[in-house]
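If you want the building blocks of each chain, they are given just below.
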Amino acid sequence: MGGCFSKPKPVELKIEVVLPEKERGKEELSASGKGSPRAYQGNGTARHFHTEERLPAPHPYPGTQDCVEAAVCHVKDLENGQMREVELGWGKVLLVKENGEFHALGHKCPHYGAPLVKGVLSRGRVRCPWHGACFNISTGDLEDFPGLDSLHKFQVKIEKEKVYVWASKQALQLQRRTKVMAKCISPSAGHSGSTNVLIVGAGAAGLVCAETLRQEGFSDRIVLCTLDRHLPYDRPKLSKSLDAQPEQLALRPKEFFRAYGIEVLTEAQVVTVDVRNKKVVFKDGFKLEYNKLLLAPGSSPKTLSCKGKEVENVFTIRTPEDANRVVRLARGRNVVVVGAGFLGMEVAAYLTEKAHSVSVVELEETPFRRFLGERVGRALMKMFENNRVKFYMQTEVSELRAQEGKLKEVVLKSSKVVRADVCVVGIGAVPATGFLRQSGISLDSRGFIPVNKMMQTNIPGVFAAGDAVTFPLAWRNNRKVNIPHWQMAHAQGRVAAQNMLAQEAEISTVPYLWTAMFGKSLRYAGYGEGFDDVIIQGDLEELKFVAFYTKWTGVCQALQEGGLLLGSPPAQPPSPCRGDEVIAVASMNYDPIVSKVAEVLASGRAIRKREDRRYVLAHRERILSLHAADLGRHAGAPGTEAKPWGQVPTSNFPGSPTREPESSQCLPWAAWLTSREALAASRCSPPKASAATKGWPWRQDRPCLFSCYWDWSPVGAVQHIRHYLKIKTHTFADLCDFHCNWANTREGETGTATECSMPHQEVWPVSAQRR
C-alpha cells in the first residue's frame, strides 16, 4: 500500500485472503444491474414494468457535429490495471485498461469532483480517492456511494494499435449522468389517502430509496415525507459551511421530483404508525395508507441539561436555518462549542475566521479520542490550537449565564468561566424513533430500529435505514452496529428499495466517512470501535499520515495454551489465533490509501499484522497488562516458588539444558511494568551481577517479556518460543524488548551473553509506533 506522502516508511502489514464461511452464491445486486422486468404488487393490482414506461434515454451521440473523436494513446502505453486522463479537446476522459480491454469514462467523481485517476482500480470498478464512491468501468454506473449520479461511458476503438475515444461534447462538459428512471403512471389525485411506497425521512436513505425504485422500473406512487421545510439536501455540509443556503445544499432540484413522480411532503411529522392496518397518522391529523414503508427518520441532537439551558443563542445544528443563524450571530463575537466530535470540531474550524474567539469544551482528554485514538486526536487538537482555538478538556458545562435573556458566560464544572455570546452544542444525537414506541416495530434499549441484512424490520413490508438503525456489518462477522454515516445511509436506502422489489439484496458496503477542517481533509474507512492498537505511518506533526486501527484477536489464547501467560483468562476470551486485523484506517494528505483499504475490505480480504516478532512486540504490553497482578506475584508459574525474584528456571522449558543455572544468571519473569517503582512493587528485582551478565546494563523500566538463561544456546529458546506461540522467529532476542547482537552466533550454534558486542537496545519498528 502506498500513498502520496514522500518516501513513506512501509507499514509491516500483509494482506491475507479470508474465505467466507459460506460461498457467496450470487453477486451483490447493484442499481446498475440489468434484469428482466419486475412484477410488483401495487395497491392491490399487479404492476409490471414495461420498457415504454421509461423516460426516453438521450442518445449518447446525437450527431457527428456534437461529438469529438481523437487518438489518445498507443495500445502499449497502458498496462492492465492502469488508468490515465486523456484530453479530447472539449474535455478530459478517464482511460482505463483492465483484462486487455480499454474503457473510457468521465474523469471526475460526480459527488465532489475528485480526480478518479488518483483513485483505486479493482474488480472492474474505480473507487473515488476522496469519499469512496465506486463506478463500474464497463457502464459508468454508480455501484457504491456516496453520491447520486453515474459517469458517462464513451466509445473506444482500436485501429492500427492506436486507441481512439469518441465522446459527446455535452457529456464531456457535464461529467455526470443521471440514470434512466421510470415514470409514475399512477399519480395521486390531490391528496390521495393511499400510496404504494411511503418513505418517512427525506435524508440520504430516503432519497436513494425513492430513486432506486424508479431506476429499477417501479412506476407506482412514491411519497417522501420530511420534518424539514426543504427538499432533500446535503446535511453533512451544514457544519462544514454554515453560510450555505438551502438551494446550494439541495441534492436534486424541484424539477427532478416532478419529472419522476416522487412526491415530497415537507414539514410533515408522523406521530403514529399502525402496522396492522398499514397506515400512518400525521401531526395535523392527515392519514395515509401504504403498501411498503421505509422508516428513515434520522436522529435528533442531544441538548444540554444544565442550569440556564433555556437562555437565547444556544444552538444545535440540524437545519440550514440553524447553521445560518449561528454564523450570523458569531461574527466578531465569542463562541463556545460544547463537544469535540465531528460536528463540534467542524463548526469550531469554520468559525475561527469569523468569530472573535472560539473555545471548545470536551469531557474527554483529546478530541476524537474514542474514534481516532489519543495520538491522532492530539495532532488534530494542535492544529486547532495553532488556529486560535482554546480547549477546555476533561470538563463539562455546569451553567449557562445570561444577560437580558441572552447568553453571556459558560460556567464549567472545573470552575472556569468562559465568555460566550453564542454556544453551539454538539454532544451527540439520539434516534428520532419516539413515534414508533407503540407501533409494534421493534426498538432496542437505546431506541434504534434493529434490521437484518436486507434492511427489514420485524414487521413484514416495513424497512428501515439511516442513522436510526442497527444492522449486521458483514465484514465484522455480522456484528450489530449503528453507523450514522452519510455514505452508509445511501447504501442502506438502496438495499431497502431493492428488497421492496423482492431482489433479495444484502447490505455489504464498507463504511466510509470524511471531514474537512482548515482546508485539510481527514478520510476514514471501516469500523474501528473497540480497536486495541493504532499503527501510524507518516508524520502526525505535519498532518501527513495514515493510521491503521487494529483489533487484538488471538495472541492471548496462544500464550495461555502454551503456558506462557499466567493468571485467569480475560473476561471475553479472544477468537482463535488469527493475528491483529486492521478494522479501520484514517488518513490526512495520504490519498488514496483509505480507498485502497476500503477496496480490500470490500473484496472480503483481511489486512493483518505480520505474525512474527513484531506481532509479539506490538502486543507485549497488552498481553501482560491483562494479568499484571498475577505476573507481579508470579502466581501459577511452576518451579518459581523456591526461586528468588520469582525467576523461572530453564528446566521448566521442554528440552532444557542438563545443568540447572544459578538463580543470579536468570532474568526475572517480568511483570512488564514501566518504572523502577512499579517493578519493585511487583516484587521483582534485577538480577545480580555475574560473569554472564557483566557489561549488560539492566533496564529496569523495560524488562524482557520472556525469561532465559544467558549461557543457554539461543536456538533452544527460539524453539521453545516457537513451540508455545506457533510463530516464526529468527532469534530469541527478536522476541525480547531489547535486541542482542550475538557476536559470531547463528541459529543452531551455541553462544553466551558474554559474546554480545553491544548493550541491549530497545527494538521498535520505525513504522509501527506504540499507541
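Before reading further, recall that the structure is shown in the block above.
These notes cover the structure that comes with them. (Residues numbered from 1 in each chain as written. Predicted model: local features only at pLDDT ≥ 70, side-chain atom pairs only at ≥ 80, totals over all residues. Heavy atoms only, no water.)

Brief notes about the overall build of the chain
A count of helices and strands for the chain gives 16 helices and 42 strands. Classification of the 771 residues of the chain by burial places 54% in the buried group. Contacts spanning at least 24 positions in sequence make up 65% of the contacts within the chain whose residues lie at least 6 apart. In the structure as shown, the chain presents an accessible area of about 34,400 Å², 47% of it carried by carbon and sulfur atoms. (Helix = DSSP H or I, 4+ residues; strand = E, 2+ residues; numbered from the N terminus. Buried < 20%, exposed > 50% of the residue type's maximum accessible area, 1.4 Å probe, protein only. Contact = heavy atoms within 4.5 Å. Areas by Shrake-Rupley, 256 points an atom, 1.4 Å probe, with all protein chains shown as cover.)

Things to note about helix α10 (residues 486-500)
Look at α10: 22 Å from first C-alpha to last across 15 residues, which is about the 21 Å you get at 1.5 Å a residue. When you tally the buried positions in α10, you get 15 out of 15 residues, the bulk of the element. (Expected span 1.5 Å × (residues − 1).)

Observations concerning the packing of aromatic side chains
Pairs of aromatic rings are described using the distance from one ring centre to the other and the angle between the two planes. Applying the stated criterion to the full structure yields 10 aromatic pairs. For the ring pair Y524 and Y549, a centre distance of 6.2 Å and an interplane angle of 50 degrees mean the geometry is tilted. Taken as a pair, Y524 in strand β36 (residues 520-526) and Y549 in strand β38 (residues 544-551) lie far apart in primary sequence, 25 residues in all. The exposure classification of Y524 matches that of Y549, with both residues buried. (Phe/Tyr/Trp six-rings, centres within 6.5 Å; stacked < 30°, edge-to-face > 60°.)

A look at the sheet that holds strand β18 (residues 279-282)
The strand order across the open sheet built from 3 strands is β17-β18-β19, with neighbouring strands paired in antiparallel fashion. Here the strands that pair on one side only, and so sit at the sheet edges, are β17 (270-274) and β19 (287-289). Neighbouring strand axes in the sheet, compared pairwise and without regard to direction, differ in orientation by 20 degrees on average. (Pairing = 2+ DSSP bridges. Axes fitted to C-alpha atoms, helices over the stretch in contact; angles between N-to-C directions.)

What about the sheet that holds strand β28 (residues 417-419)?
Ordered by their spatial adjacency, 3 strands build an open sheet running β26-β27-β28, and the pairing between neighbours is antiparallel. At either end of the open sheet lies a strand with only one pairing partner, and these are β26 (397-403) and β28. Within the sheet, the average angular offset between the axes of one strand and its neighbour, ignoring direction, is 30 degrees. Direction of pairing for strand β27 (residues 406-412) relative to β28: antiparallel, over a ladder of 3 bridges. Its bridge partner lying in β28, E409 is registered against R419.

Concerning the nonpolar core
Ranked by size, the top nonpolar core spans 98 residues in total, and within it L198, L213, V273, L294, L295, I441 and F471 carry the most contacts. With 8 residues, α10 is the single largest residue contributor to this core. Every residue in contact with L294, bar those within four places of it in the chain, is listed here: L198, I199, V200, A205, G206, C209, F463, A464, A465, A496 and M500. By size, the runner-up hydrophobic cluster in this structure holds 52 residues, among which are A244, M383, V389 and M517. (Core = buried A, V, L, I, M, F, W, Y, C linked by side-chain atoms within 4.5 Å.)

Some remarks on unusual backbone geometry
Put simply, F145 and P146 share a cis peptide bond, and its omega is 20 degrees. One can find P146 in the loop between β11 (142-144) and β12 (153-159). A positive phi angle, close to 55 degrees, is found at R123, a residue other than glycine. Among the secondary structure elements, R123 is positioned in the loop between β8 (120-122) and β9 (125-127). R123 gets classed as partly exposed once you look at its relative accessible area, which sits at 47%.

A short note on the pattern of salt bridges
On inspection of all chains with the given rule, the structure shows 24 salt bridges. Here R235 ties to D228 by a salt bridge, and the two come within 3.0 Å at their closest N and O atoms. Judged by relative accessible area, which is 24%, R235 ranks as partly exposed. E396 is the partner of K413 in a salt bridge, and the nearest nitrogen-oxygen pair spans 3.3 Å. Placement of K413 in the loop between β27 and β28 and of E396 in the loop between β25 (389-393) and β26 is noted, with a sequence separation of 17 residues between them. Here E396 falls in the partly exposed class, since its relative accessible area comes to 34%. Via salt bridges that share partners, R123, R125, R127 and E599 belong to a single interconnected network. (Salt bridge = Lys/Arg side-chain N within 4 Å of Asp/Glu carboxyl O.)

Quick word on the environment of P484
Mapped onto the fold, P484 is located in the loop between β34 (479-481) and α10. With 53 residues separating them in the primary sequence, P484 and P431 have C-alpha atoms 10.0 Å apart.

With respect to the side chain of Q537
Inspection of the secondary structure puts Q537 in strand β37 (residues 533-539). Given the relative accessible area of 7%, Q537 is considered buried. Side-chain polar atoms of Q537 contact the side chain of Y590, separated by 2.9 Å. (Polar contact = N/O pair within 3.5 Å; in protein donor to acceptor, adjacent residues only side chain to side chain.)

Quick notes on the packing of helix α2 (residues 204-215) against α10
It is the contact of α2 with α10, at a shortest axis distance of 7 Å, that shows an interaxial angle of 40 degrees. Seen from above, α2 lies across α10 with right-handed handedness. In this structure, α2 contributes A204, A205, V208, C209, T212 and L213 to the contact, and α10 contributes W486, A489, H490, G493, R494, A497, Q498 and M500. (Left-handed = near helix turned anticlockwise from the far one by under 90°.)

With respect to α2
In a regular helix each residue adds 1.5 Å, so 12 residues correspond to 16 Å; α2 covers 16 Å between its end C-alpha atoms and thus fits that length. The buried fraction of α2 is high, at 12 of 12 residues. Those residues of α2 not exposed but buried are A204, A205, G206, L207, V208, C209, A210, E211, T212, L213, R214 and Q215. Those residues of α2 that are buried are in contact with β14 (197-200), β15 (222-225), α5 (254-259), β16 (262-265), β20 (292-295) and α10. Phi turns positive one or two residues past the end of α2, at G217, with a value near 95 degrees.

Considering the pairing of strand β35 (residues 512-517)
With 5 of its 6 residues buried, β35 lies for the most part within the structure. One ladder, built from 6 bridges, connects β35 with β36; its direction is antiparallel. Looking across to β36, one finds that Y512 is bridged to A525. Counting the residues in the hairpin turn of β35 and β36 gives 2 residues, including F518, whose phi is positive at 55 degrees.

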